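Single-letter residue listing:
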Amino acid sequence: MHAQGPEPHLPGDHTRAARHARPGRIAASNPVEEEPKTLMDASALQLIILPAGIIAVLFAIYLARDVLSRDTGTKEMEAVAGTIFEGAVAFIRRQYTTIALLALVAAVVIGVVIAIVETADVADVPELAGAPIGIRTAIAFLVGAACSMASGIIGMYISVKANVRTASAARRSLVEAVQVAMRGGAVSGFLVVALSLIGVYGIFAAFGGLTPETVHQAPFLIVGFGFGASFVALFAQLGGGIYTKAADVGSDLVGKIEAGIPEDDPRNAAVIADLVGDNVGDCAGRGADLFESTAAENIGAMILGVGVYAIALASGWPNPQAWIFFPLVVRAFGLLSTIVAIFFIRGREDENPMNMLNRGYWVTTILSAAALFLITNVMMQTNGNAPSGLPVWLYFFAAGVVGLATSVAFVYITQYYTAGTFRPVREIAEASRTGPATNIISGMAVGFETTFVTAITIGIALFASHWLGSQAGFVNANGRDVGGIFGTAVATMGMLMTTAYILAMDTFGPITDNAGGIAEFSRAEAGAREITDRLDAVGNTTKALTKGYAIASASLAAFLLFSAYIDKVNLIQTNRGGELITSVNLADVSVFIAALMGAMLVYFFSSLAIRAVGTTAQAIIVEVRRQFREMPGIMDYSQRPDYARVVDITTRAALREMILPGVVAVATPIIVGLLLGAEAVAGMLMVGTIAGVLLATVLNNGGGAWDNAKKYIEAGNLKDDTGVVLGKKTLAHAAAVVGDTVGDPFKDTAGPSLHVLVKLLATITLVLAPLFIR
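As a starting point, this report considers the structure included with it. As the structure is a computational prediction, the values presented were derived from the model and not from experiment.

### Observations concerning helix α11 (residues 353–379)
Argument step 1. The terminal C-alpha atoms of α11 lie 39 Å apart, and with 27 residues this matches the ideal 39 Å at 1.5 Å per residue to within 8%.
Argument step 2. At the N-terminal end of α11, a side-chain oxygen is found 2.9 Å from the backbone nitrogen of M354, two or three residues along, and the residue is N352.

In structure tokens form, the structure reads like this:
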């Protein structure tokens with residue numbers, strides 16, 4: 001049953017957060033006076049947050065030492081790896097200098113705007129109104145931006161050190177090569193997620209999160225951290241994505257099709273730029289992407305936890321602040337679970353490498369589910385049961401399991417659509433027999449097909465987690481169900497428990513791709529190249545499944561952050577005596593126009609990103625052709641191509657081309673909010689998120705399927721009607737290369753950038769919500 005809760009005086013009740021979250025009805029079937037007995041106190045469990053982050057950092061250092069102690073192969077391998085390292089470092093230095101300057105300007109502008117707009121009648125904390133809250137927001141933005149930049153740099157640095165060691169290991173053993181590449185990827189995974197956890201916890205503590213009187217205010221003060229992380233991630237993903245795919249397209253079209261030489265052949269002037277691109281795009285870009293994912297989603301969940309905190313405080317539940325700390329504790333245990341899983345990555349020489357990686361993923365998932373059971377049981381205690389008579393925590397545990405199950409579903413959905421062992425990739429390979437046009441038609445059909453299962457899976461996850469949360473019976477003073485939306489937050493946090501392992505699998509991809517390039521470039525023995533080819537095909541799948549995971553988490557997070565935005569707007573309106581947003585009316589002309597702008601932004605942004613790749617690739621193609629024409633000795637190895645020239649062209653173009661789509665993404669929601677108001681922005685968030693999720697699914701999975709269809713043919717798996725293998729240097733292979741190059745900017749530039757765009761829309765509007773109130 002629902003019982004009437006008392007009207008308390010919350011600590012700091014003069015703030016908007018406390019007033020809006022003041023409880024009305026609460027779930028309190030069979031209420032009891034004494035606190036329930038649990039295995040441990042929730043406040044004790046909160047102490048695991050910082051140690052878990054530190055343990056993860058120390059474990060990453062251990063893995064890094066292990067990887068760096070491995071054999072670096074022949075002198076030729078070391079020379080190639082050194083060149084890749086120099087190119088990657090040079091690009092990252094120039095890119096992040098540009099991003100840092102943009103972030104500094106943005107921080108100053110945000111700080112000034114917040115200081116002017118957030119007056120005492122609309123500020124989250126009235127005593128901090130004006131300049132103090134503006135300064136705090138700017139500081140949080142800069143800290144988030146700095147941590148996001150560090151995440152990208154870490155991801156790139158470890159990758160360029162692990163690649164040559166993986167190539168060397170491939171000369172001896174498949175299993176050893178898998179372990180070296182995965183441990184190299186895990187260094188990035190652990191450091192990025194640990195940095196996110198420590199960063200959010202640190203800024204939360206600095207802004208009063210550890211003080212009982214201000215714990216419910218702090219989540220609203222740190223939203224700038226998520227915005228800063230998203231801001232950097234967008235430019236990092238765009239710049240890295242443009243670099244890597246422009247180099248890849250230019251290298252493949254001239255090298256494979258026109259010159260008829262193998263992939264990563266040292267006679268191709270673009271091959272070093274291509275190998276550098278794997279690191280600055282797939283590693284640095286994705287590291288920043290998943291950092292901002294975990295940070296923004298963590299903060300959004302903490303904001304929603306404030307609503308439950310007020311009910312808990314009013315009802316005398318044990319440790320009410322546990323509902324705010326819950327997202328941090330969940331991620332801490334996710335890191336610890338992943339540490340154990342790393343030791344389960346082993347197998348046989350004749351085993352599919354994907355099976356070895358999946359084994360570790362299942363260990364992470366099972367341990368995370370067990371940890372989730374403990375966390376919800378300890379931290380979500382109430383003085384009674386849900387209206388159904390079951391314990392409240394049990395419903396939230398089930399919601400967390402829904403999140404974990406969604407993660408598993410997307411891993412296998414992506415494998416189905418992008419691995420060569422299943423129908424979609426084989427279908428594209430078969431279509432290549434009749435030329436590039438049918439290859440592209442088939443690939444587009446596969447990409448569009450993936451939206452069906454993606455939308456169904458996300459819909460089931462949101463419905464199930466919201467329903468489970470609503471069974472808790474948490475209803476605030478305004479009659480709003482708080483439990484349902486918090487259930488979706490728990491599902492999101494459950495899904496993010498495996499982030500470190502997923503990022504390790506993602507970084508595994510470019511490491512093995514680079515290892516294959518090093519083996520080919522240094523003319524390593526055929527056995528080593530065969531192993532790196534197998535790992536590269538698996539790496540394409542792991543990169544694709546990371547993108548599937550990222551877009552699924554972005555979907556859940558966008559719903560979560562959308563609710564946080566509505567909460568913040570309503571807090572402002574409550575304080576001003578304005579009208580609350582209880583629903584978003586798409587029949588309102590302003591809301592409809594804003595929603596239309598949200599959908600438009602997704603496609604226009606993607607157009608700019610893909611065009612940037614095409615423009616840059618054209619310049620690379622012209623340069624590589626020039627070198628083949630003017631330096632004929634390249635083909636017989638008597639002349640060395642000018643690799644540095646192509647690297648320089650790619651670097652300058654990528655830095656130039658990343659600015660416009662980034663500015664469009666940041667400016668559009670602000671302009672819409674200023675012109676059409678807060679409710680219209682909510683409509684833009686809703687429709688922009690839906691369009692972004694579906695288009696990113698098409699781009700990611702379609703591009704991944706095209707890539708592996710090419711590798712399926714290169715592996716000799718495609719045959720004609722008489723059983724003759726249609727491998728390299730055939731018309732079918734040439735058609736597959738064309739399809740792969742079409743898919744390159746889809747899967748590695750526009751698609752991943754849309755993940756960031758979806759969350760950037762939410763974080764920027766969350767920070768600037770007071771600006772949109774009329």
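And the narrative resumes.
### Considering helix α18 (residues 589–630)
Argument step 1. Helix length check: α18 (42 residues) gives 61 Å between terminal C-alpha atoms against 62 Å at 1.5 Å per residue, within 8%.
Argument step 2. Between a side-chain oxygen at the N-terminus of α18 and the backbone nitrogen of S590 the separation is 2.9 Å; the capping residue is D588.

### Observations concerning the packing of aromatic side chains
Argument step 1. Counted by the stated rule, this structure contains 27 aromatic pairs.
Argument step 2. Their ring planes at 45° and their centres at 6.3 Å tell us that Y361 and Y501 sit as a pair that is tilted. Within this pair, whereas Y361 is found in helix α11, its partner Y501 is found in helix α16 (residues 499–521), the two being separated by 140 residues in sequence.
Argument step 3. The class for Y501 is buried, based on a relative accessible area of 0%.
Argument step 4. The interplanar angle of 35° and the centroid separation of 6.3 Å between the aromatic rings of W362 and Y412 together place this pair among those described as tilted. Note that W362 is positioned in helix α11 and Y412 in helix α12 (residues 392–418), a separation of 50 residues in sequence.
Argument step 5. Judged by its relative accessible area of 36%, W362 is partly exposed.

### Points about the nonpolar core
One broad rule of soluble globular proteins: the nonpolar side chains tend to lie buried together.
Argument step 1. Formed by 264 residues in total, the largest nonpolar core has its most connected members in F190, W323, L357, F474, F486 and Y565.
Argument step 2. The element contributing the most residues to this core is helix α9 (residues 271–315), with 22 residues.

### Thoughts on the packing of α9 against α16
Argument step 1. Contact geometry of α9 with α16 gives a least axis separation of 10 Å together with a crossing angle of 175°. Here α9 is positioned roughly antiparallel relative to α16, judged by the angle of their axes. In contact with V271, I272, L275, D278, N279, D282, C283, R286, G287, L290 and T294 of α9, α16 contributes T499, L503, D506, T507, P510, D513, N514, G517 and F521.
Argument step 2. Considered class by class, the residues forming the contact of α9 with α16 number 8 nonpolar, 7 polar and 5 charged.

Here is what the cut-offs are and how they apply
- Residues numbered from 1 in each chain as written.
- Predicted model: local features only at pLDDT ≥ 70, side-chain atom pairs only at ≥ 80, totals over all residues.
- Heavy atoms only, no water.
- Helix = DSSP H or I, 4+ residues; strand = E, 2+ residues; numbered from the N terminus.
- Expected span 1.5 Å × (residues − 1).
- Polar contact = N/O pair within 3.5 Å; in protein donor to acceptor, adjacent residues only side chain to side chain.
- Phe/Tyr/Trp six-rings, centres within 6.5 Å; stacked < 30°, edge-to-face > 60°.
- Buried < 20%, exposed > 50% of the residue type's maximum accessible area, 1.4 Å probe, protein only.
- Core = buried A, V, L, I, M, F, W, Y, C linked by side-chain atoms within 4.5 Å.
- Axes fitted to C-alpha atoms, helices over the stretch in contact; angles between N-to-C directions.
- Parallel < 35°, antiparallel > 145°, perpendicular 65-115°, else oblique.
- Contact = heavy atoms within 4.5 Å.
- Nonpolar A, V, L, I, M, F, W, Y, C, P; charged D, E, K, R; others polar.

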